[in-house]
Amino acid sequence: GHDFSKGPLKEGCRKSTIAFLFKMNAYLWMFVCGVSTKLEYRDYDYSAYLGKGYKDTMVPIKKVSTIISNHVSWIDTQCLYKYFKLAFSLDMGFKKAPLMGNLGNVVDSIYLPRGGTDEKRMAALNAIKDRQDLIESTGEYTTLLVFPEGGTTNGSGLIKFKKGAFYAEKTVKPVMMKYNLQGSVSVAYDTIEILPLAILQLSWSCMSCTVIELPEF
């Protein structure tokens, strides 16, 4: 067993095998859920927001620290894992949970305190910042996935972002999941409870999702 308190698994056969198994699980999960997916890359110029020549001022890094994405469904993480190697920001309660804690550790996930106090919010922000620093400076940790909206929507628009992914002003890569929501069953986890939603979705096999990758900034 690896002692994760001393750092992540080193790159090598074991870590590559684990990443491969996670990816195959994502493919299988999406197949079982009846959702076909495809990846599109779209170039985008952020000059209107970051100023002309912003690319010249970007600090060289070893790896993009954070992928940000919209959050629509209970299957979003598996959808994204088909195309990106990801670590997750999990509730602190998962850290000591049987199996879940180990699975989180092997993909370099972080554990955040949840709660409404200023102290817990600041602790969560600092935990994300520290991991972003390590990813960009060493390249040893897996890129972190953050859903900046802090919850799910029906996929028709965006809601106000939380500041966790942006607090440290590190490099982020935007990704957008565009589900086909015109069928008999919507994958959106918004107004229906998770169990009936899962049953409905597993009973339907004509859903699709386009994963749109944008350049980092």
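Residues numbered from 1 in each chain as written. Predicted model: local features only at pLDDT ≥ 70, side-chain atom pairs only at ≥ 80, totals over all residues. Heavy atoms only, no water.

A. View of the pairing of strand E2 (residues 66-69). The side-chain alternation of E2 yields two buried faces, one formed by Thr 66 and Ile 68 and the other by Ile 67 and Ser 69. By the bridge criterion, three bridges tie E2 to strand E5 (residues 144-146) in an arrangement that is parallel. Note that in E5 the partner of Thr 66 across the bridge is Leu 144. Bridge count for E2 against strand E6 (residues 172-179) is four bridges, and the pairing is parallel. Its bridge partner lying in E6, Ile 68 is registered against Pro 174. (Buried < 20%, exposed > 50% of the residue type's maximum accessible area, 1.4 Å probe, protein only. Helix = DSSP H or I, 4+ residues; strand = E, 2+ residues; numbered from the N terminus. Pairing = 2+ DSSP bridges.)

B. Expanded view of a nonpolar patch on the surface. On the surface, Phe 20, Leu 21, Met 24 and Tyr 27 cluster together to form a nonpolar patch covering roughly 400 Å² of accessible area. Along the chain, the position of Leu 21 falls in helix H1 (residues 13-32). (Patch = residues over 30% accessible without salt bridge, like charges linked within 9 Å, V, L, I, M, F, W, Y side chains within 5 Å. Areas by Shrake-Rupley, 256 points an atom, 1.4 Å probe, with all protein chains shown as cover. Salt bridge = Lys/Arg side-chain N within 4 Å of Asp/Glu carboxyl O.)

C. Just the layout of surface pockets, in detail. Here the largest pocket defines a volume of roughly 1000 Å³. Every residue lining the largest pocket is counted, 35 residues in all, and those nearest its centre are Ser 89, Leu 90, Asp 91, Leu 112 and Arg 114. Of all elements in the fold, only helix H3 (76-81), strand E3 (87-91), helix H4 (100-106), helix H5 (118-138) and E5 reach the threshold of two or more residues within the lining of the largest pocket. A total of seven residues in the lining of the largest pocket trace back to one element, the largest contributor, which is H5. Of the residues that constitute the lining of the largest pocket, the class distribution is 18 nonpolar, ten polar and seven charged. (1 Å grid on protein atoms, 1.4 Å probe; cavity = no way out; pocket = protein on both sides within 12 Å on 5 of 7 lines; lining within 4 Å. Points joined across faces, edges and corners; volume = space filled by probe spheres on them. Nonpolar A, V, L, I, M, F, W, Y, C, P; charged D, E, K, R; others polar.)

Everything listed here is a matter of coordinates, which is why it stays silent on function.
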